[in-house]
Amino acid sequence: MADFQSDETARRLASRLKMRHLALLLQIRQHGSLTRAAERMAISQPALTNTLAELEAMFGAPLFDRSVRGMAPTALGEVVLARAQAMLQDLQRLVDDMEAVASGHAAHLHVGVTPFIPGRILATAVHQAQPDGRRLTLTLHEGAVADLLPQLRGHALDLVVGPATSGLDLAQLSFEMLYRQPPRLIASRRLAARLGRQRMDWRMLAELDWILGAPQTGMRAQLTDIFLGAGIAAPLPLAESGSPRLIGEMIVASERAISILPADIAEELVRVAGVAVVPYTFAWNPPPIALFTRADETPRAAERLFAAALRDSCRQLYPAMIA
């Protein structure tokens, strides 16, 4: 009986549900008011009220609770709205793919990346991902991995590349390790040469000017633990930045500035910013870099192709760091 009802519901929704209905539901959630949602959709409030009633009849239960404070999704409404958001995002992805094909490319992907992912990994992957001689095109969305993963779940992103840190919400997601990255201490060339002639001394390093990434990262937590383990309070950073380029420029401009970064980023800054790596070895590693995908669906051919090219890119560029 339950299967029969499920089939009937699926047929009813397939024959009657329209994309504009999904957009309407999202507007109601955003504004919490039929009046404001109707204004935004350029329709009358009675028309919107009737349409919502029809939609709730389609789904067989209320989608919103009404109160003096406004309208809030019911439990069923939250489920429907999550799927509505994903379906509209998929429609936009279809439009992106159509535009890519019209321009002679294979498809277009929206890829989330953290700032501390070397550009050459992505450039090499894009160069290699050429189905039938046509390249993929990308839109890169930078951010913290914890902020990118909800966008991946909601279909705003196709893939995410970033560090696999503890505490991430991986509901409905899958991930695979791409490579591990040992830490590197970087400084200006003159300071790096001086430090390289000395034994590593955390007390001495604590007296220098530290340029570090964002506070809420795995590497910052590890660095704090190292100083505490040495019986030293972690130094207050002279500056914090989420941009590897800015960190590199500040390092080069000072004879007292140092930073600890993943090896791949340090190597890139050696090449593009002129920093130098201090030849110290550390007994700890930053979180590994991983590829995050949605677990509840079969990836598109373009996503599989780019993922394969990304794996090959990591093997070519960082063979000693493969997870």
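Everything quoted here is computed from the prediction, not taken from an experiment.

About the thresholds
Residues numbered from 1 in each chain as written. Predicted model: local features only at pLDDT ≥ 70, side-chain atom pairs only at ≥ 80, totals over all residues. Heavy atoms only, no water. 1 Å grid on protein atoms, 1.4 Å probe; cavity = no way out; pocket = protein on both sides within 12 Å on 5 of 7 lines; lining within 4 Å. Points joined across faces, edges and corners; volume = space filled by probe spheres on them. Helix = DSSP H or I, 4+ residues; strand = E, 2+ residues; numbered from the N terminus. Nonpolar A, V, L, I, M, F, W, Y, C, P; charged D, E, K, R; others polar. Buried < 20%, exposed > 50% of the residue type's maximum accessible area, 1.4 Å probe, protein only. Contact = heavy atoms within 4.5 Å. Pairing = 2+ DSSP bridges. Axes fitted to C-alpha atoms, helices over the stretch in contact; angles between N-to-C directions. Domains from an automatic or database assignment. Buried area = accessible area lost by both parts, 1.4 Å probe. Salt bridge = Lys/Arg side-chain N within 4 Å of Asp/Glu carboxyl O. Polar contact = N/O pair within 3.5 Å; in protein donor to acceptor, adjacent residues only side chain to side chain.

### Examining the layout of surface pockets
Line of reasoning, step 1. Within this model, the second largest pocket holds a volume of roughly 260 Å³.
Line of reasoning, step 2. Contributing to the lining of the second largest pocket are 17 residues, with Pro115, Ile117, Gly119, Pro244 and Glu268 lying nearest its centre.
Line of reasoning, step 3. Of all the elements in the fold, those that place two or more residues in the lining of the second largest pocket are α6 (119-128), β4 (137-142), α11 (244-252) and α12 (263-272).
Line of reasoning, step 4. Per-class residue counts for the lining of the second largest pocket are 10 nonpolar, three polar and four charged.

### Considerations on the environment of alanine 100
Line of reasoning, step 1. With respect to the secondary-structure elements, alanine 100 resides in helix α5 (residues 75-102).
Line of reasoning, step 2. Overall, alanine 100 belongs to the buried group, its relative accessible area being 6%.
Line of reasoning, step 3. Along the backbone, alanine 100 and arginine 69 are 31 residues apart, and their C-alpha atoms lie at a distance of 44 Å.
Line of reasoning, step 4. Setting aside residues up to four positions removed in sequence, alanine 100 forms contacts with His105, Ala107, His108 and Thr137.

### Quick word on the sheet that holds strand β5 (residues 159-163)
Line of reasoning, step 1. Sheet architecture is open: five strands sit in the order β4-β3-β5-β12-β6, paired in mixed fashion. Two strands lie at the open edges of the sheet, namely β4 and β6 (173-179), each paired on one side alone. Within this sheet the neighbouring strands show an average axis-to-axis angle of 25 degrees, counted without direction.
Line of reasoning, step 2. Pairing analysis gives six bridges linking strand β3 (residues 108-113) to β4, with the strands arranged parallel. Counted as the bridge partner of valine 111 is leucine 140 from β4.
Line of reasoning, step 3. α5 contacts β3 and β4 of the sheet and is inclined by roughly 120 degrees relative to β3.

### What to know about the domain arrangement of the chain
Line of reasoning, step 1. For the chain, the assigned domains are domain 1 (6-82), domain 2 (104-181 + 288-318) and domain 3 (183-281).
Line of reasoning, step 2. In this structure, domain 2 and domain 3 have C-alpha centres spaced 28 Å apart.
Line of reasoning, step 3. The interface of domain 2 with domain 3 comprises nine residues on the first partner and 14 residues on the second.
Line of reasoning, step 4. With both chains or domains summed, domain 2 and domain 3 bury close to 920 Å², and 59% of this area falls on carbon and sulfur atoms.
Line of reasoning, step 5. It is Phe116, Arg120 and Gln181 in domain 2 that bury the most area against domain 3; as a group they hold 64% of the surface buried on that side.
Line of reasoning, step 6. The partner of glutamate 267 in a salt bridge is arginine 120, and the shortest N-O contact between them spans 3.7 Å.
Line of reasoning, step 7. Summed over the shared surface of domain 2 and domain 3, the result is two residue pairs in polar contact (both at pLDDT 80 or more).
Line of reasoning, step 8. For the side of domain 2 that touches domain 3, the class distribution of residues is six nonpolar, two polar and one charged.

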